[in-house]
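# Summary of structural features
Here is how the chains run, residue by residue.
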Amino acid sequence: MTETTLNADPAPAPDDGRPVLDVLIIGAGISGIGAAHYLTVEHPEKSFAILESRPVAGGTWNLFRYPGIRSDSDLHTFGFAFKPWTDPQAIADAPRILDYLHEAIDDDRLADKIRYNRRAVAVDWSSDDQYWRITVRDNDSGETEQVFARWIYAGTGYYNYDQGYSPEFPGQDTFTGQIIHPQHWPEDLDYAGKKVVVIGSGATAVTLVPSMAAEAGHVTMLQRTPTYVIPLPREDAIANALKKFLGPRRGYKLSRQKNIIQQRVVYELCQRFPAPSRAVIRRINKSMLPGGFDVDTHFNPPYKPWDQRLCVVPDGDLFKTVRQGKASIVTDRIASFTEKGILLESGTELEADIIVTATGLNLQLFGGMEVLRDGEPVQLSEAVAYRGIMLSGLPNFALAIGYTNSSWTLKVDMLCEYFMRLLTHMDAHGYSSVQPVPDAGMETRPLLDFGAGYVQRSIDSLPKQGTVKPWQMSMSVAADIRQLRHGSVDDRYLQYTAAPVAAAR
C-alpha cells in the first residue's frame, strides 16, 4: 500500500508531513462533474481530484448500453445550470448526453483531475488530524493506496453499478435462449427477426420495447403491474425557439425556468387531484393506442399518479410501436420459465428467443465503500440527512442525491452552491470541520419516501431523514432555493471545529 496525492496540487501538509487534498470527489458522472465545476469557479484556490471507478467519465450514461437509452427528463432541466443545452433534442439519447458531459470536462479543464479505474473502498475520518483517510483500489492492478482529503464529496448516486436487480425465476435454467439484464448488455447481441420478451414496465422497459422492435421479429412487454406512461415531444419547440431568438444562454435559462414550473405543476396536480389526473392520462393513452386496446388492464396502475415516477415516451414511440403491431403488452404474473419462453399464471406461454429482465436496479450508497470514523464503522442506517447534503455523524462529508420527482441535476446544482458557501464560511472563520447534529430523539422517516421497488427493497439500509426542516429531503425546487441557495450555513444544528494550529494555512 502506498501514499499518494493523485497529483492534484494538494494543500499544505499537517505536521506529520503528509499532503492533504482540500476535496476528493468520488465519481465522474453528472454529479461529480458538476461539483468540480463549482470548485473550479468558486474556489480556485482549493486542491481537488476526482476518483472514477470506470475507465471513462459519464457515470450512468456510459455504463448502460442497451438500445435506445435516453433521459427520462428534459435536458433543459437535467443539464447543468451553468452550461446551456444546445442540442435540439430535449429528451436526449445517451451519446448526446455523454458529448455534453465531456464538453463540460473540457470547458473546465478537468481531464487532469480525473483518476480512472480507481475505486474508493474505505474512508476513515480522523478527529485528531481533521481529515479523511481514503483507501483507493486500482481496478487494473488490484493494488491499494492511501489518499488524504479534508472533504469528501460523494457524487456516486445511489445505484449499484456492478450488479442490477434480477429476481430468480422458477425454471429459468431450462430456457434455451438468452437471458439479459439491461445493465450488462452484450455489444454483439443479435436480435434481428427474433422474438423478444422484455420483463418490466419502468423507464428501461418502455425505452427498450420501441428501440428493439425496429429490428426484432416481435417484442412483448411483460409486466406484473402497469406504470403511468405519458408521451412528450422529443424536441421542445418552445425551448428551441427561445434559444434561437434569445441566444443559447438566455434561451436556455428561460427554457429551464419554463420546464421547472411545468414539472412542478404536473406533479402537484397529480398529487392533489389523483382521480382527474388518472383520467387525463388514460384519455391520452387511449387516443394513441389501437382501437379496442385494453387500456384499463395495461395502463391503469393501482397507485396514484406520481406515487412513483411517470414514464416518459418521446414522441409516443411506445404507443406507435404497439399500434403498428410490432410490439404487444401483456399484464400477468410469471409462473415459470420454460424451454421455449415464459409460462404465465393465466396458462398462456410466451415464446421467446431472448428474454430481457428489465426488473430494476439495486441501491448502494457511496459505491459500497466502507465508512469509518476514528477506525470505527459508521452505521449509515442510523445517520440522518441534513438539507439533503450531509449526514449526521460524518464531518466534512457531502453527498449528492437529486430529485426523484423531477430532474436529478436541478437539486445537485443547488447542493453544490450550498457546499461552496459552506467552504467559504469555514475559510473565513478558520474552521477545519463541520458536522450536522440532530436533536436527541428527533422523529425520523425513510430517506427516500418513494414507492419504487428498488427503493423499497433497500429502505432499511439507507440513512433517514427528519420530519422537520432542515432535516427533510426536499423534493421541491422552490423549497430548495430557500434552504440551499439562501439557507444558513451556521444554524444551531451545525457543529464546527476550529482548525488545529498545525493544520491551518
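Before any of the text, the structure's been laid out above.
A brief structural summary. (Residues numbered from 1 in each chain as written. Predicted model: local features only at pLDDT ≥ 70, side-chain atom pairs only at ≥ 80, totals over all residues. Heavy atoms only, no water.)

With that settled, consider the pairing of strand β18 (residues 370-373). Bridge count between strand β5 (residues 118-126) and β18: 4 bridges; the pairing is parallel. Across the sheet, the residue bridging to Ala122 is Glu370, located in β18. With 2 bridges connecting them, β18 and strand β19 (residues 376-377) associate as antiparallel partners. Counted as the bridge partner of Arg373 is Glu376 from β19. (Pairing = 2+ DSSP bridges. Helix = DSSP H or I, 4+ residues; strand = E, 2+ residues; numbered from the N terminus.)

Now for unusual backbone geometry. At the junction of Lys469 and Pro470, the peptide bond is cis and its omega measures out at 0 degrees in the coordinates. Even without a glycine there, the phi angle at Arg109 is positive, about 55 degrees. Its location among the elements puts Arg109 in the loop between α4 (94-107) and β4 (114-116). Accessibility expressed as a relative area gives 75% for Arg109, which makes it exposed. Positive phi values are uncommon outside glycine, yet Gln130 reaches one of about 65 degrees. Mapped onto the fold, Gln130 is located in the loop between β5 and β6 (131-138). (Buried < 20%, exposed > 50% of the residue type's maximum accessible area, 1.4 Å probe, protein only.)

With that settled, consider the layout of surface pockets. The volume enclosed by the second largest pocket comes to roughly 690 Å³. Taken together, 30 residues form the lining of the second largest pocket, with Ile230, Leu232, Gln262, Gln263 and Val266 sitting closest to its centre. At the level of elements, β11 (229-232), α7 (248-272) and α8 (274-288) are the ones that each hand at least two residues to the lining of the second largest pocket. With 7 residues, the single largest contributor to the lining of the second largest pocket is α7. Across the lining of the second largest pocket, the residue classes break down as 17 nonpolar, 7 polar and 6 charged. (1 Å grid on protein atoms, 1.4 Å probe; cavity = no way out; pocket = protein on both sides within 12 Å on 5 of 7 lines; lining within 4 Å. Points joined across faces, edges and corners; volume = space filled by probe spheres on them. Nonpolar A, V, L, I, M, F, W, Y, C, P; charged D, E, K, R; others polar.)

Ordered by their spatial adjacency, 3 strands build an open sheet running β14-β15-β16, and the pairing between neighbours is antiparallel. Of all strands in the sheet, those with a lone pairing partner are β14 (334-337) and β16 (349-351), marking the two edges. Ignoring strand direction, the axes of neighbouring strands in this sheet form an average angle of 25 degrees. (Axes fitted to C-alpha atoms, helices over the stretch in contact; angles between N-to-C directions.)

For any pair of aromatic rings, geometry is given as the distance between the ring centres together with the angle between the planes. Applying the stated criterion to the full structure yields 22 aromatic pairs. A centroid spacing of 5.9 Å and a plane angle of 15 degrees characterise the contact between Tyr153 and Phe419, whose relative ring orientation is stacked. Highlighted residues: Tyr153 in strand β7 (residues 144-154) and Phe419 in helix α11 (residues 408-429), separated in sequence by 266 residues. Take Tyr153: its relative accessible area is 0%, and that puts it in the buried class. Ring plane angle 80 degrees and centroid distance 5.5 Å describe the contact between Tyr228 and Tyr303, whose orientation is recorded as edge-to-face. Taken together, the residues span a long stretch of sequence, with Tyr228 in the loop between β10 (218-223) and β11 and Tyr303 in the loop between α9 (295-298) and β12 (311-314) at a distance of 75 residues. Residues Tyr228 and Tyr303 agree in their burial class; the two are buried. Taken together, the ring pairs connect Tyr38, Phe80, Phe82, Trp85 and Tyr100 into an aromatic cluster. In this structure, Lys113 packs its charged tip against the face of Phe48, placed 4.7 Å from the ring centre. (Phe/Tyr/Trp six-rings, centres within 6.5 Å; stacked < 30°, edge-to-face > 60°. Lys NZ or Arg CZ within 6 Å of the ring centre and 35° of its normal.)

Judged by side-chain charge, Glu187, Asp188, Asp190 and Glu215 come together as a negatively charged surface patch. Tracing the backbone through its elements, the reader meets Asp190 in the loop between β8 (178-180) and β9 (195-199). In this structure Asp190 comes out as partly exposed when scored by relative accessible area, which is 45%. (Patch = residues over 30% accessible without salt bridge, like charges linked within 9 Å, V, L, I, M, F, W, Y side chains within 5 Å. Areas by Shrake-Rupley, 256 points an atom, 1.4 Å probe, with all protein chains shown as cover. Salt bridge = Lys/Arg side-chain N within 4 Å of Asp/Glu carboxyl O. Lys, Arg positive; Asp, Glu negative; His and termini not counted. Charge placed at Lys NZ, Arg CZ, Asp CG, Glu CD.)

A few words now on the pattern of salt bridges. When the charged atoms of two side chains with opposite charge come close together, those side chains can pair. Counted according to the given criterion, the structure contains 20 salt bridges. We note a salt bridge from Asp296 to Arg282, for which the minimum N-O separation is 2.7 Å. Here Asp296 is found in helix α9, whereas its partner Arg282 is found in helix α8, with 14 residues between them in sequence. Assessed through its relative accessible area of 31%, Arg282 is described here as partly exposed. The network of salt bridges with shared partners includes Lys83, Glu103 and Asp107.

Between its first and last C-alpha atoms α7 spans 36 Å; for 25 residues at 1.5 Å apiece the expected length is 36 Å, and the two agree. Every buried residue of α7 is listed here: Gly251, Tyr252, Ser255, Arg256, Asn259, Ile260, Gln263, Tyr267 and Cys270. Against the buried residues of α7 lie α3 (75-78), α4, α6 (237-246), α8, α11 and α13 (477-485). (Expected span 1.5 Å × (residues − 1). Contact = heavy atoms within 4.5 Å.)

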